[in-house]
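The lines below spell out each chain.
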Amino acid sequence: MVGFIPWFRTVAKPSRARWIIEFFGDTLTSVLPFSKHEIVWFQIFRRWKAGFQFLLPVGNSPFSLMRQRARLTLEALEPRCVMTTTLGLGDIAFTGYQSTAPDKISMVLLKDVTAGTVITLTDNAWMAASGPLHSNEGNSVLTFGGAFAAGTHLNYDATRAANTRWANGPLTTNLSDITGSSFSLAIGGDNLFVYNGSTPPTSANSADWIAAFATKSFLSTGTTSSNTTYLPSVFTNGNTAITLGLIGGAGDENGAYTAGSFTGTATAIRNHVHHVGNWTTFTTAGGQVVPPTAVFTVNNNTNTAPSIAANLGITIRTNSTGNVISSTVLLATDVEQTASQLVYRVTSLPLAGTLRLNANAIVANVTTFTQDDINAGRLTYDGPSVSGGLSFGFSVSDGSLSTAGSFALRVIPNVLFNELKVNPPGNQESGKRYQYIELRGTPNLPLTNMVVAMLDGNSSDLGRANYVLPLTGR
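Keep in mind that this is a model prediction, so the values were computed, not measured.

I'm lost on the overall build of the protein in this one. Help?
Scanning the protein for helices and strands turns up two helices and 36 strands. A buried classification covers 39% of the 474 residues belonging to the protein. Residue pairs in contact within the protein that sit at least 24 positions apart in sequence constitute 65% of those at least 6 positions apart. Of the roughly 24,000 Å² of accessible surface on the protein, 52% is carried by carbon and sulfur atoms.

Just to check I follow, could you spell out the sheet that holds strand E9 (residues 104–109) for this structure?
Across a sheet, paired strands are connected by hydrogen bonds in the backbone, their directions being either parallel or antiparallel. Here we have six strands laid out as an open sheet, ordered E13-E12-E9-E8-E18-E20, and antiparallel in their pairing. Both edges of this open sheet fall to strand E13 (166–168) and strand E20 (279–282), since each of them pairs with a single strand only. Within the sheet, the average angular offset between the axes of one strand and its neighbour, ignoring direction, is 25 degrees. Bridge analysis of strand E8 (residues 92–98) against E9 gives six bridges, and the strand direction is antiparallel. Bridge pairing in E9 links Phe94 to Met107. In the packing of helix H1 (residues 266–273) onto the sheet, the strands contacted are E8, strand E18 (254–257) and E20, and the crossing angle to E8 comes to about 25 degrees.

Could you clarify how one ought to interpret H1 in this entry?
Residues that lie three or four places apart on an α-helix share one face, since the helix turns once every 3.6 residues. Burial analysis of H1 places seven of its eight residues in the buried class, the great majority of the element. Buried residues of H1: Ala266, Ala268, Ile269, Arg270, Asn271, His272 and Val273, and no others.

I tried to follow the nonpolar core on my own but got confused; where do I start?
For soluble globular proteins, the rule of thumb is that nonpolar side chains tend to be buried together. The biggest cluster of nonpolar side chains holds 39 residues, and the ones touching the most others in it are Ile92, Phe94, Ile105, Met107, Ile119, Leu121 and Phe144. Leaving out residues up to four positions away in the same chain, Ile105 has contacts with Phe94, Gly96, Leu121, Leu154, Asn155, Tyr156, Trp166, Phe183, Leu185, Leu192 and Val290. Core analysis: the next-biggest nonpolar cluster, separate from the first, contains 23 residues, Ile316, Leu342, Val396 and Leu409 among them.

Would you mind going over the environment of Thr304 with me for this structure?
Among the structural elements, Thr304 can be located in the loop between strand E21 (296–298) and strand E22 (307–311). Thr304 sits 30 residues away from Asp334 along the chain, and the two C-alpha atoms are 7.3 Å apart. Those residues in contact with Thr304 that sit more than four places away from it in its chain are Asp334, Val335, Glu336, Asp398 and Leu401.

Help me understand the sheet that holds strand E31 (residues 388–397) in this model?
With respect to topology, five strands assemble into an open sheet ordered E23-E32-E31-E26-E29, the strand pairing being mixed. With one partner strand each, in any of the chains shown, strand E23 (314–317) and strand E29 (368–370) form the two edges of the open sheet. The mean inter-strand angle of the sheet, taken between neighbouring strand axes irrespective of direction, is 35 degrees. Direction of pairing for strand E26 (residues 343–348) relative to E31: antiparallel, over a ladder of five bridges. The residue bridging Val343 from the neighbouring strand is Ser397, located in E31.

Explain the side chain of Thr100 here, please?
Inspection of the secondary structure assignment puts Thr100 in the loop between E8 and E9. Accessibility expressed as a relative area gives 14% for Thr100, which makes it buried. Looking at Thr100, its side chain comes within polar contact range of the side chain of Asn254, at 3.0 Å. Apart from the residues within four sequence positions on either side, Thr100 is in contact with Ile187, Asp252, Asn254, Thr283 and Ala285.

Calculation rules
Residues numbered from 1 in each chain as written. Predicted model: local features only at pLDDT ≥ 70, side-chain atom pairs only at ≥ 80, totals over all residues. Heavy atoms only, no water. Helix = DSSP H or I, 4+ residues; strand = E, 2+ residues; numbered from the N terminus. Buried < 20%, exposed > 50% of the residue type's maximum accessible area, 1.4 Å probe, protein only. Contact = heavy atoms within 4.5 Å. Areas by Shrake-Rupley, 256 points an atom, 1.4 Å probe, with all protein chains shown as cover. Pairing = 2+ DSSP bridges. Axes fitted to C-alpha atoms, helices over the stretch in contact; angles between N-to-C directions. Core = buried A, V, L, I, M, F, W, Y, C linked by side-chain atoms within 4.5 Å. Polar contact = N/O pair within 3.5 Å; in protein donor to acceptor, adjacent residues only side chain to side chain.

Structure, rendered in structure tokens:
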């Protein structure tokens, strides 16, 4: 815009502008850059009767006008300032890591990024609970030359040319980096930290931290090495950080997210991606695809907790196996997430019998399964030898919010009533014939609280028992 600047008015400073100075009808035009760190970009020193005096920076030397009548006009050549993005804790999630040559890294943006934003990845260790970062390894400083939307999947490949090692898919457009020669992933284990800008954070709770990754468990005691690190206290493992928890000494430590595409809030995606159960480790280059082919869609709408649409329980017989808990009797839904994104965790096991996923016994608070597993019939229950009412507790999460419940397991005796028997073997003699009912079931099964109701099908009192026989014994 073009505007007249009267004396002593404070004006917001542009990053680059054209000054037009008029002296009695003559015009002097100059294009001047201004550093964003300048506070005062011109000064009016003194007002005189015939005019004013001011300093106008031209290069490194001020240009002085003395006691002249002048009009000063500012014409902006570009926006007054370029706003870069400051990423917050958890605004990036790691999705892949390959230390077996060639080095590869992948991560997903969970927040929109504007041009000019700078972040740094380092494989330096955080040396103790209070730090600082070691300086014996390397950094990769990444500059975004354009805007990138949340959900963009970035990847690093050491085989690419210098300054173009980061890409969005195969494209390096609007991405540039300065990667030091000592930025190299150790096959025996390593870590990565991401932070804003190019200056390392100096405190464990710095606002500049973004994400953390390690192949081995984060240290709580002892001395760091080129393979191990402490975790700054601002991070939460499984949320804003992830460790693969590989055993010390294991070679060729690599891993990649393999749980498929995911739609949800940034929090839900981060919790899902940084759940180690959704990763697969490998020991040879290319053992898993880095970056993964998964597509991440960040839904910034208000997230809602999963809803329990069906929780009917099941009735099974004692000692029966492979009883399927289907989506007809246990169903959770969520408008923001799919069945594969709704994750169940058993919080308490039934007191008897065995709950199984894919024929493997479920461990409370450890084993997880999805609504998709239930839909596919992978969740089953083996009944105990004793009848009664049982249940298991569960929670189902969309990665951010969860809903708790209890599923009923009704176990009834495994007893079958055969048809009415006449003339049993060995009793064919006239006058000794009689009828009996045969019960078949588990040997020595207690018959307490069981009755046999006998109906006369020819009776006018249909539905009314003619005889009720309580059972005892085994």
